[in-house]
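Chain residues, written in single-letter form:
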Amino acid sequence: MRGGPVYCFLLCRAMNLQELRSERGIFGIRVTVHLLNYIAIGSIYCILTKKIHLVRSAMKFAGVLTVSLLAYLPVVFAAFGVTTSGNNLVVDSGAGLITTINKSDGDITSLTYNGKQLQDSSKFTQLSSGLGSATVTSNVANNIATITIRTSTIAHYYIVRSGINTLYIGTYASAEPDVGELRFIARLSKSALPNGIPESEVNGATAIEGSDVFLLNGQTRSKFYSSVRFIQDQVHGVTGSGVGAYIIVPGVSYETSSGGPFFRDIDNQGTAQQELYWYMNSNHEQTESYRTGFFGPYALAITSGSAPSASLDTSFMDNLGLQGYVPASGRGTVSGSYSGTLSGVGVTIGFKNSAAQYWVSGSGGSFTRTLMKPGTYTVSLYQGELEVGTGSVNVNAGQTSSITLNPSSSRPSTIWSIGTVDGTPAGFLNADKIEKMHPSDTRMSNWGPITFTIGSSSTGSFPMAQFKAVNNPTTIKWNASSSQIGARTLRIRTTEAFAGGRPQITVNSWTSSAPGAPTAVDSRGVTRGTWRGLNQVYDFAIPSGTLVSGTNTITINVISGSSGDDFLSPNFVYDSVELI
């Protein structure tokens, strides 16, 4: 032993500290601990031999090594699991994400990522507008921590897997909540996550319509302008320096929501907080009854900034016993074919019953939809967003069912048409802007009233929407040949209506009867960034002798028994206009 500890001490002094600091994981920690042990032994030896100057040097070097050791601890020794701190459950992913959940109501009151606080301190992350009170319990097994938040009608789950910085979430609801809409809202720190969706940033803005459409720096803004169609909305999020928070909506997550593939809802709002949403049910242009049951799985993923993949593996949840959850083994598949849709227009196949909804894009005349709950479904063949055919199919667990779909009626021969028959106003005036701004926005093109001339006017000059108090009427000029006149039908398709707005036409000196009011949807639509309501078809039979060889004038007026100002006056959104 003589000289051994001193030799070890000198060896420590000679080591390159930069190499030590670059070591990662357990190896780096073990090297550091062993060196500290050797220094301790060496120091005792030096004290006994009265070599005090060497002891001072050893202690100084030990301090450096201790700092190096502490730098490793949060990286390697972060402990996965659930602990109790006062009235809170603290869930540690073991990889940098620590979530604090209030045991009285289930609110998330703290969300730290690598030491950075992401949760707003004044408003919390919660279901609906907060559950008020709930029973909150935890369970840890097989490196999975499950937090269950229960009320009389809700079972809400936060699930964390060891080593993964993601909150996997599931929500079971047997009824709509009494407090607010059925939504998950993460109210995050604006300073930590300042970058949201620009069109939904409203902090410091002035309200111009209700309490949800604003004017900021000369531009209209609203949380509704963050919405994306369900069929496209799998990942959305907000970011800051070195961090991102993202909602992931994979696989079957929309199955218990309502509205179908083209429904859309709020994703983000920037106020004093950064609000990140996933809506399950809302009354935002809702076109069908709410469903109840298990919503999800969905997730709140925390990253170093980049967006995560939409392909989130949730198969581990099959064995967690979540209320209302149906595992993959209890689901079936539908495979089928279709034909007769309009060339160049996307095809979607939708499935729905009172318990679930699904969809899948068609390609080349075929489709396959997996992971469907057993039951009998109405099947819709969509040309764009327009239902053109229907069918029915029965789904059984572990089996594949088949169906063939075709349009329910043939396409008519037209004299002329304006727009594409696809259930959207795509290509019309301002249709490219309406999802992201209010129709009053100065960036919009002038709404009119518009006079459209068949054969010379561009489709882009025809208004996507007609408002009784803004751009009424729309006039169509048409120079007809003798073979084109006689008894004809003017077909106007619309995608949504507000305040009972619907078209009535005048052709030269003849005026049609007033059609009945459309089915009411209790919500504003086009002013909040959506054209997706209920598709309507208005067929106006033009009597023989009304059209003339030469110039004809067709006037389309908005009629309604209701009133309103400006863009909240009765209105409707155009899909297409055809002369048949």
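Structural notes, computed from the coordinates. What you are looking at is a predicted structure, and each value in this text was computed from that prediction instead of being measured.

A separate point is the overall build of the chain. Helix and strand counts for the chain come out as four helices and 38 strands. Within the chain, the proportion of its 580 residues that are buried is 53%. Expressed as a percentage of contacts within the chain between residues at least 6 apart in sequence, the contacts between residues at least 24 apart total 69%. By element, 50% of the accessible surface of the chain is carried by carbon and sulfur atoms, the whole surface being about 24,100 Å².

Attention now goes to empty space enclosed by the protein. Under the defined criterion, the tally for this structure stands at four cavities of 30 Å³ or more. Empty space within the largest cavity amounts to approximately 100 Å³. Lining the largest cavity are 14 residues; nearest its centre among them are F224, R264, H284, E285 and T530. Tallied by class, residues from the lining of the largest cavity come to three nonpolar, five polar and six charged.

Among the nonpolar cores identified, the biggest contains 44 residues, and F184, L300 and I302 are the most heavily contacted of them. Excluding residues within four positions of it along the chain, I302 makes contact with L97, L111, Y113, L118, N165, V243, G244 and A245. W416, I492, W531 and L547 belong to the second largest nonpolar core, which has 36 residues in total.

Cis peptide bonds are those with omega within 30 degrees of zero, and the linkage from G448 to P449 qualifies with 25°. Omega for the bond connecting N472 with P473 falls within 30 degrees of zero, at 0°, which places this linkage in the cis form. Tracing the backbone through its elements, the reader meets P473 in the loop between strand 31 (465-467) and strand 32 (474-480). Even without a glycine there, the phi angle at L371 is positive, about 55°. Relative to the helices and strands, L371 is located in strand 25 (residues 366-372). With phi around 55°, N508 is a residue other than glycine that occupies positive phi space. Summarising the element assignment, N508 is placed in the loop between strand 34 (502-507) and strand 35 (510-511). By relative accessible area, which is 31% here, N508 ends up partly exposed.

We now examine the sheet that holds strand 7 (residues 135-141). Taken in spatial order, the seven strands make up an open sheet running 7-8-9-10-21-17-16, and their pairing is antiparallel. Two strands close off the open sheet at either side, each with one partner strand: strand 7 and strand 16 (235-240). Adjacent strand axes in the sheet meet at a mean angle of 15° when their direction is disregarded. Sheet topology note: the strand 17 (residues 243-248)/strand 21 (residues 293-303) ladder contains five bridges and is antiparallel. Looking across to strand 21, one finds that I247 is bridged to L300.

Counted according to the given criterion, the structure contains 12 salt bridges. Between D539 and R491 there is a salt bridge; the shortest N-O distance is 2.7 Å. With a gap of 48 residues between them, D539 in strand 36 (residues 536-542) and R491 in strand 33 (residues 488-498) connect regions that are remote in the sequence. Judged by relative accessible area, R491 falls into the buried class, the value being 18%. Members of the salt-bridge network, linked through shared partners, are E209, D212, R524 and R528.

What follows concerns the environment of Y358. The topology assignment puts Y358 in strand 24 (residues 357-361). Taking the C-alpha atoms as reference points, Y358 and S257, separated by 101 residues in sequence, lie 9.8 Å from one another. Those residues in contact with Y358, other than ones at most four positions away along the chain, are V252, E255, R331, I349, G350, F351, R369, L371, M372, K373 and Y377. Among the polar contacts made by the side chain of Y358, one reaches the side chain of E255 at a distance of 2.6 Å. A distance of 3.5 Å separates a polar atom in the side chain of Y358 from a polar atom in the side chain of R331.

Another point: the environment of N571. Locating N571 in the fold gives a position in strand 38 (residues 571-579). As for N571 and N471, which are separated by 100 residues in sequence, their C-alpha atoms are 9.8 Å apart. Setting aside residues no more than four positions away along its own chain, N571 makes contact with Q466, F467, A497, F498, G501, V526 and V558. Engagement of the side chain of N571 in a polar contact is seen with the backbone oxygen of S569, the distance being 2.9 Å.

So, on to the sheet that holds strand 37 (residues 550-559). Taken in spatial order, the five strands of this open sheet run 30-32-37-34-35, and their pairing is mixed. Strands at the two margins of the open sheet, each flanked by one partner only, are strand 30 (451-453) and strand 35. As judged from the three bridges shared by strand 30 and strand 32, these two strands associate in the parallel manner. Bridge assignment links T451 to a residue of strand 32, and that residue is T475.

Turning to the packing of aromatic side chains, a few remarks are in order. The full count for this structure, using the stated rule, is 22 aromatic pairs. For the pair Y254 and W359, a centre-to-centre distance of 5.9 Å together with 40° between the ring planes defines the contact as tilted. Placement of Y254 in the loop between strand 17 and strand 18 (264-265) and of W359 in strand 24 is noted, with a sequence separation of 105 residues between them. We note that Y254, like W359, is buried. Considering the side-chain rings of Y277 and Y279, the 5.6 Å spacing of their centres and the 20° angle between planes classify their relative orientation as stacked. Exposure class is identical for Y277 and Y279. Each is buried. Members of the aromatic cluster, connected to one another through ring pairs, are Y158, F184, F230, Y254, F263, W278, Y298 and W359. Stacked on the ring of F316, the Lys or Arg R161 has its end atom at 4.3 Å from the ring centre. If you follow R528 out to its NZ or CZ, it ends over the ring of F224, 4.1 Å from the centre.

Turning our attention to the side chain of S560. Looking at the secondary structure, you find S560 in the loop between strand 37 and strand 38. Here A499 takes part through its backbone oxygen, which lies 2.5 Å from a polar atom of the side chain of S560. Not counting residues within four places of it along the chain, the set of residues in contact with S560 comprises K468, A499, G500, G501, R502 and P570.

Here is what the cut-offs are and how they apply
Residues numbered from 1 in each chain as written. Predicted model: local features only at pLDDT ≥ 70, side-chain atom pairs only at ≥ 80, totals over all residues. Heavy atoms only, no water. Helix = DSSP H or I, 4+ residues; strand = E, 2+ residues; numbered from the N terminus. Buried < 20%, exposed > 50% of the residue type's maximum accessible area, 1.4 Å probe, protein only. Contact = heavy atoms within 4.5 Å. Areas by Shrake-Rupley, 256 points an atom, 1.4 Å probe, with all protein chains shown as cover. 1 Å grid on protein atoms, 1.4 Å probe; cavity = no way out; pocket = protein on both sides within 12 Å on 5 of 7 lines; lining within 4 Å. Points joined across faces, edges and corners; volume = space filled by probe spheres on them. Nonpolar A, V, L, I, M, F, W, Y, C, P; charged D, E, K, R; others polar. Core = buried A, V, L, I, M, F, W, Y, C linked by side-chain atoms within 4.5 Å. Pairing = 2+ DSSP bridges. Axes fitted to C-alpha atoms, helices over the stretch in contact; angles between N-to-C directions. Salt bridge = Lys/Arg side-chain N within 4 Å of Asp/Glu carboxyl O. Polar contact = N/O pair within 3.5 Å; in protein donor to acceptor, adjacent residues only side chain to side chain. Phe/Tyr/Trp six-rings, centres within 6.5 Å; stacked < 30°, edge-to-face > 60°. Lys NZ or Arg CZ within 6 Å of the ring centre and 35° of its normal.

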